[in-house]
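Here is what each chain is made of, one letter per residue.
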Amino acid sequence: MLPLDITAASNIQGLPLLAEDAELAAVYHKLLQLDPEGHRFAAVLRDTIDQLLNGEVTGRYDWKTLFKTEKTHAGTLVEINLQREFKFSDGTDMDYQIADIEVDCKYSQQFGGWMIPPEALGHLCLLVWADDYKSRWSAGLLRIEEPWLNAGNNRDKKLTIKAEHRNRILWLWHQQDLPENALLHMNADDRAAVFAAGSGQARLNELFLRLQQRRISRNVVRTVAQQKDYMKRVRGNGGSRSALRDRGILIMGDYESHRRIASDLRIPVPREGEFVSARVVEVASLSDRHSVTLDGRHWACALPDEADEAAPCLPSTTK
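Only a predicted model underlies this, so the values are computations on that prediction, with no experimental measurement involved. Sequence order sets the numbering: in each chain, residues are counted from 1 along the sequence as written. The predicted nature of this model means local features are confined to residues of pLDDT at least 70 and side-chain atom pairs, given and counted, to a pLDDT of 80 or more, with totals for whole chains, interfaces and linings taken over all residues. The side-chain values count all of the structure's non-hydrogen atoms but skip hydrogen atoms and water molecules.

Chemist: Residue-level account of the environment of R166, with values.
Modeler: The helix count covers DSSP runs of H or I at least four residues long, the strand count covers runs of E at least two residues long, and both are numbered beginning at the N terminus. Among the structural elements, R166 can be located in the loop between β7 (160-161) and β8 (170-177). For every residue, the accessible area obtained with a 1.4 Å probe (protein chains only) is divided by the maximum for its type, and the residue is called buried under 20%, exposed over 50%, and partly exposed between those limits. Look at R166 and you get partly exposed, because its relative accessible area is 25%. Considered as a pair, R166 and L142 are 24 residues apart in the sequence and their alpha carbons are 8.7 Å apart. Two residues qualify as a contact provided that any one of their heavy atoms is within 4.5 Å of a heavy atom in the partner residue. When sequence neighbours within four positions are dropped, the list of residues in contact with R166 reads F111, G112 and I161.

Chemist: Any chance you could break down the pattern of salt bridges for me, citing the residues and the numbers?
Modeler: When a carboxyl oxygen of Asp or Glu lies within 4 Å of a side-chain nitrogen of Lys or Arg, that pair is called a salt bridge. One pass over the full model with this rule turns up 16 salt bridges. The salt bridge partner of R222 is E56, with a shortest N-O separation of 3.4 Å. With R222 in helix α10 (residues 218-225) and E56 in helix α5 (residues 55-58), this residue pair connects regions lying 166 residues apart in the sequence. A salt bridge links R215 to E274; its shortest N-O distance comes to 3.5 Å. One end of the pair, R215, is in the loop between α9 (200-210) and β9 (216-217); the other, E274, is in strand β11 (residues 274-283), and 59 residues separate them in sequence. Judged by relative accessible area, which is 8%, E274 ranks as buried. Shared partners join several salt bridges into a network, and the residues in it are D21, E23 and R143.

Chemist: Give a description of the packing of aromatic side chains that names residues and reports values.
Modeler: Two numbers describe a pair of aromatic rings. These are the distance of the centres and the angle of the planes. Between 30 and 60 degrees the pair is tilted, below 30 it is stacked and above 60 it is edge-to-face, where a pair is any two Phe, Tyr or Trp rings, Trp via its six-membered ring, whose centres lie within 6.5 Å. Evaluation of the coordinates by the stated rule reveals 11 aromatic pairs. Residues F111 and W114 carry aromatic rings whose centres are separated by 5.4 Å and whose planes lie at 70 degrees to one another, so their mutual orientation is edge-to-face. Look at F111 and you get partly exposed, because its relative accessible area is 29%. The exposure class of W114 is buried, given its relative accessible area of 0%. Seen in terms of ring centroids, W137 and W173 are 5.6 Å apart; in terms of plane orientation they differ by 45 degrees. Their pairing is tilted. Here W173 lies in strand β8 and W137 lies in strand β5 (residues 136-143), a separation of 36 residues in the sequence. One exposure class covers both W137 and W173, and it is buried. Working rule: Lys NZ or Arg CZ, within 6 Å of ring centre, within 35 degrees of ring normal, means a charge sits over the ring. Over the aromatic face of Y133 sits the side chain of K64, whose NZ or CZ is 5.2 Å from the ring centroid.

Right, dumping it as structure tokens:
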């Protein structure tokens, strides 16, 4: 059964393909069995973009700052990382064997920009797109046939899919949320203040202070800290959790206890490898605000007019 979302809506006209093409149907159902919600796929795409940016070494967070050769290498890395994640067998003629069927993999950062080699004619292609600026991604299957293609004018004679025939793509996941690159999407002035803060520790403190109630990935932390022991810079005992306690800032990670705190506060819940910071104030037990009870006291996210109130006695639960 198709999920009731934009993918399902996009697939209505493609459903007959499942009945017409047994191999297409087998690969489609196998991929959905491996990743029903697309979360693993999205994580691979996020990690691949971060791998190319290599923020810990370069401080980069923006796709536009990649060298041309790095952008060209992106498709190969997506292909490799998907195979590692899902343990696809090597194909004989194409990249993979999925459900014992040959499947080629093509990635493009520009939607519709997939470059199809002539040898893929007649085969299934897994078409993948991700855009860090739009925080969106898609992946679908297409049986490559000559009528759907534009003639190749490049040196490699590679082909592109005619825009009017993209409706023949059977989407596995379409226009899904790509885990956000928080540095790329944060306010430019706040971002400049983060990088101008000085040491790696000071930069992380500024990040958690300025980017509250939003998911911050481990890679963003790594890019801002630019230190091998970047995780130590988040924790208590001298890290950002300690440094920001006196300003009433909680920093929640992916521990289950931290996730429950975020859920009770009704703020984004950290997923694996993520952090969320929030300024909190102590509230009365009968408060109608969303609150969390820690060490017998009640805490809620600070309102704008409470933003500068210090909370030097945050509970030890959050260290």
